[in-house]
Amino acid sequence: MKSTAGASEKEKSYLKSVWDLVSYPFNKFGLNMMISNVSIPQLIYNPLYETFILLYNTPDLFPKSPAANPIPNHHSTVQVLSVDQGSLTNLVKSRDVKMLQTFNGVTGLAESLHTSLENGINSHDVENQRTSYCSNWYKKPTQKGFIQFVVESFSDIIVLILLACATLSLCFGMKVNGAKEGWYEGASIFLAVFMVIIVSAVTDFRQAREFERCLSKVSNNIEIEAIRDGRRTKISISDVVVGDVIILNIGDQVPADGLFINGHSLLMDESSVTGECDYMEIDAVTNPFLFSGSKVVDGHGKMLVISVGMNTDWGEMMSSITTDDYSDQTPLYSRLDELASSIGTIGLAVVVLVLAVMLIRYFTGHTKDENGNREYNGKHTNAYEIIGSVTRFFATALAILFVAVPICLPLAVPFTLAYSIKRMMADQAMVRKLFACEAMGSATLICTHKTGTLTLNKMKVDPAYEDDTIHVHWKGAAAMVLAMCSNFYQKNGLIESINQEERTRFENIIQGMAANSLRCMAFAHYEVGTSYKSLNKEGLTLLGIVGIKDPCRPGVKEAIDTCRSAGVAIKMITGDNVFTAKAIATELGILELGQQENKGEVVEGEEFHNYTEGEKMDKVDNIRVMARSSPLDKLLMVQCLKRKGHVVAVTGGGTNASPVLKEADIGLSMGIQGSEVAKVSSDIIILDDNFASVVPVISWGRYLYNNIQTFVQFQLTAIVAALVIIFVAAVFDGEIPLTAVQLLWVNLIMTTLGALALATEQPTKELMHKPPINRDAPLITNIMWRNLLAQSLYQITVLLTFLFGGKQMFSVDERVKNTMIFNTFVLCQVFNVFNSRNQEKSNVFEGLDKNRLFMGIVGVTIVVQVLLVEFLKNFAVAEKLNGKQWGICFGFASLSWPMGMFVKLIPVPEKAFSSYIEEWFNKRT
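Predicted, not measured: the structure shown is a model, and the values here were computed from it. (Residues numbered from 1 in each chain as written. Predicted model: local features only at pLDDT ≥ 70, side-chain atom pairs only at ≥ 80, totals over all residues. Heavy atoms only, no water.)

1. Considering a nonpolar patch on the surface
Thought 1: On the surface, Val863, Leu867, Phe871 and Leu872 cluster together into a nonpolar patch covering about 390 Å² of accessible area.
Thought 2: Leu872 sits in the partly exposed class, given a relative accessible area of 41%. (Patch = residues over 30% accessible without salt bridge, like charges linked within 9 Å, V, L, I, M, F, W, Y side chains within 5 Å. Areas by Shrake-Rupley, 256 points an atom, 1.4 Å probe, with all protein chains shown as cover. Salt bridge = Lys/Arg side-chain N within 4 Å of Asp/Glu carboxyl O. Buried < 20%, exposed > 50% of the residue type's maximum accessible area, 1.4 Å probe, protein only.)

2. Describing the packing of aromatic side chains
Thought 1: With the rule as written, the count across this model stands at 16 aromatic pairs.
Thought 2: Measuring from ring centre to ring centre gives 6.0 Å for Phe608 and Tyr611, while their planes differ by 75°; the resulting arrangement is edge-to-face.
Thought 3: Judged by relative accessible area, Phe608 falls into the buried class, the value being 0%.
Thought 4: Relative accessible area serves as the criterion here: at 13%, Tyr611 is assigned to the buried category.
Thought 5: Relative to Trp897, the ring of Phe831 lies with its centre 4.9 Å away and its plane at 75°, an arrangement referred to as edge-to-face. (Phe/Tyr/Trp six-rings, centres within 6.5 Å; stacked < 30°, edge-to-face > 60°.)

3. Comments concerning helix α29 (residues 852-870)
Count 3.6 residues to each turn of an α-helix, and residues three or four apart come out pointing the same way.
Thought 1: Taking 1.5 Å of rise per residue, the 19 residues of α29 would be expected to cover 27 Å, and the 27 Å separating its terminal C-alpha atoms lies within 8% of that figure.
Thought 2: Along α29, the positions that sit buried rather than exposed are Phe854, Ile857, Val858, Thr861, Gln865, Leu868, Val869 and Glu870. (Helix = DSSP H or I, 4+ residues; strand = E, 2+ residues; numbered from the N terminus. Expected span 1.5 Å × (residues − 1).)

4. Section: the side chain of Thr448
Thought 1: Counting through the fold element by element, Thr448 comes out in strand β9 (residues 445-449).
Thought 2: Side chain to side chain, Thr448 and Thr651 meet in a polar contact 3.0 Å long.
Thought 3: Those residues in contact with Thr448 that sit more than four places away from it in its chain are Thr453, Leu454, Ile570, Lys571, Met572, Ile573, Thr651 and Phe691. (Polar contact = N/O pair within 3.5 Å; in protein donor to acceptor, adjacent residues only side chain to side chain. Contact = heavy atoms within 4.5 Å.)

5. Considering the sheet that holds strand β18 (residues 648-652)
Thought 1: Strand order across the open sheet formed by 8 strands is β8-β20-β19-β18-β9-β15-β17-β16, with mixed pairing between neighbours. One side of each edge strand has no neighbouring strand; the edge strands of this open sheet are β8 (429-431) and β16 (602-604). Across the sheet, the axes of successive neighbouring strands diverge by a mean angle of 20°, strand direction being ignored.
Thought 2: Sheet analysis places strand β15 (residues 569-573) next to strand β17 (residues 625-627), joined by 2 bridges and oriented parallel. Bridging across to β17, Ile573 finds its partner in Met626. (Pairing = 2+ DSSP bridges. Axes fitted to C-alpha atoms, helices over the stretch in contact; angles between N-to-C directions.)

6. As for the pattern of salt bridges
Thought 1: Considering all chains together, one arrives at 18 salt bridges under this definition.
Thought 2: As a salt-bridge pair, Lys616 and Glu613 come within 3.9 Å of each other at their nearest N and O atoms. Here Lys616 and its partner Glu613 are both found in helix α21 (residues 613-619), 3 residues apart, which amounts to about one turn of the helix.
Thought 3: Exposure remark for Lys616: the relative accessible area of 4% places this residue in the buried category.
Thought 4: By relative accessible area, Glu613 is classed as partly exposed at 48%.
Thought 5: Taking the shortest distance from any N to any O, the salt bridge between Asp621 and Lys644 comes out at 3.0 Å. Separated by 23 residues along the polypeptide, Asp621 in the loop between α21 and β17 and Lys644 in the loop between α22 (631-643) and β18 bring together distant segments of the chain.
Thought 6: Judged by its relative accessible area of 36%, Lys644 falls in the partly exposed class.

Set out below in structure tokens:
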């Protein structure tokens, strides 16, 4: 820096006055203004900048006070930064080593940030740093509000169809029945549709918020290692502040922008930040810059945090995207959409057919009015009467459309997912991608690593070090270290050469330890004098061999037995040697104890890698244990298993497990010891790292699929029965007994409650005694066809009997008869929801005492039905019923229970009905 001797007194006086003017507001309010020699607020015109800096460094003109000790004030204390955040941010973004040197390197920058590279930041200064610079969080994009969910519900094609139908119904009703009473039905339909829209929007809104909350809870609880107050400590990633010293190890994600302090062979994957796939070597001289969001792929080191949160590129990028895992449409959801479309198409065909039949009956003179007179008399019928009759037929056809469009069918997935995902968190599993939840129900095979998942990963060995000279020490797999040794220490401390006999003895010791499920490690060294240039891999002196026991996790053996009984095979893939791998696999039941090992059940990774493609495909099913395996070997095995048609789940925790986690049908990462790279690549996170927690995941996956099937069976029963009754009534009677509002209640309200009731059912043990769900298996099974056709046939028989003989049987008029048909039809669905709880068990009441919510939903449905019939007759277009009539409705509806129990005793073939039709068609062609 230049001397200030050349400055005249006039210049000094002028600049002093400028300084007084600038600093006046700060002095006025008791605040301390600190301007360092590396960054000055742009308060003075640039041409004066250099001169001002020179004069500022003249002690007699501008006395300085430490930035860390602001002048106290009665109201507040504000620290003005000694290094401004803009300079810190630009330093990393520009990767400018020269700019770093202007800060006197990392050491000088640490002093400016009031931290120590050895001892880290003082814990008392953490809050001050957070206030002065920034918190380590990023702005999340504005989440969709409730109104947006309502708008999305309105944009659904089915809702638009229903709204169009409601509009037409309102117009036709007022045309036929006059403005005074004709608006009831149309307005009621509008109200019902709006109720469904609100229910759907509320459900989606709450599920989105719950999913985001669960995901944020896990993401924000990521812990990293930092140095504070001279001690290593675990802190949350959100607690990182500027000036923190962070420890980085393999698999860690860099929590903020920073500078490399020291370390060894630090290699970073910056692809998530820069988009480049190449790994970046980090060192203190040429490239000390570390970016938030990048991953450590090798080595270790310490970093000084200089920018956090929104002051990093990672923070800016993350603030512009949102987590869309919840919004992914799952395969099952897509299949239900297709099913709903198919049912809607069939229903539309029925609508067209019924309308055609009614028009034909009318114009051929087969319809009569209330007085028994023929409605259409050719030229003698005026145009107004014709238009009125045709309008009535169209209104009837529109009413059919309300039951033909299964709007609630796709809602079954969100209902069930919302319930199951929340419960899975309690079972130590967090679903990141929704399709994985249902895919686990189809899993046929799990490839799992050993250490930390099957075992506790609790083992520790501290090697001894020697003298005055430099000794290079080796530790590692015993067989590999032994191969590099030429000498060994005897018990008396003398060194002896390893001959073939001694080498064989050591190998037998290693194999004996491994056979007892001990991980064998060897220690060796060689003396290199005072310096060395490269590591020697031969001529080492063996110090000793130890066996380390990594105990199996409690409950893992039982979990493996449960998976096997559920038809899910387990393959253990480990880096251990063959003997240790076989011992652990036998202890856990992956290999049968006391039985002779079959050829090909245990292989080494290199052996599998060297197989031809044909050999891999032939032998991969038989492999139970793969030892000495690399991540590439594991990836090859998963690819072979998928080509053979397996639904493969894979567990993994390390950074190098990322490719195989992505390749698998379901990737399961470890929540505690798993790296951030592995978690991002996975579909489900096992929060406690325990293989036993995989079993509930499989159970919940099967539960989800099973509950969707039960709801499909439940709703299809109502749809089939309603369509048949309406069609028969329209063809033979010319009128339908169920109004549009009544059909809308059955389809939209009651079945929504039915979906919610069935979604609250608990997973049963029986689910884990069945084979996995084939990914190509039909959604509607033979058992479902048996149950729904039987119940539909019963309801059709009862309701058609009411339709054609109800007036005489119960001595009632037409409106009461139609109300009894509506009431019985709804109550049949109420009783049938009990039958749908289990597709095969005759006892439909088992477990009801543990599901109060189910009983509450059923109770609400019955109460609403009573209100519709008894108190809202204009809304429901119904008549009040007396006690006897209610008893008749309940009596006939309750007979669906014994009907369901009897039907479930009828055996059905396992092969799908569609396959028989396909075989018959193939024979004919």
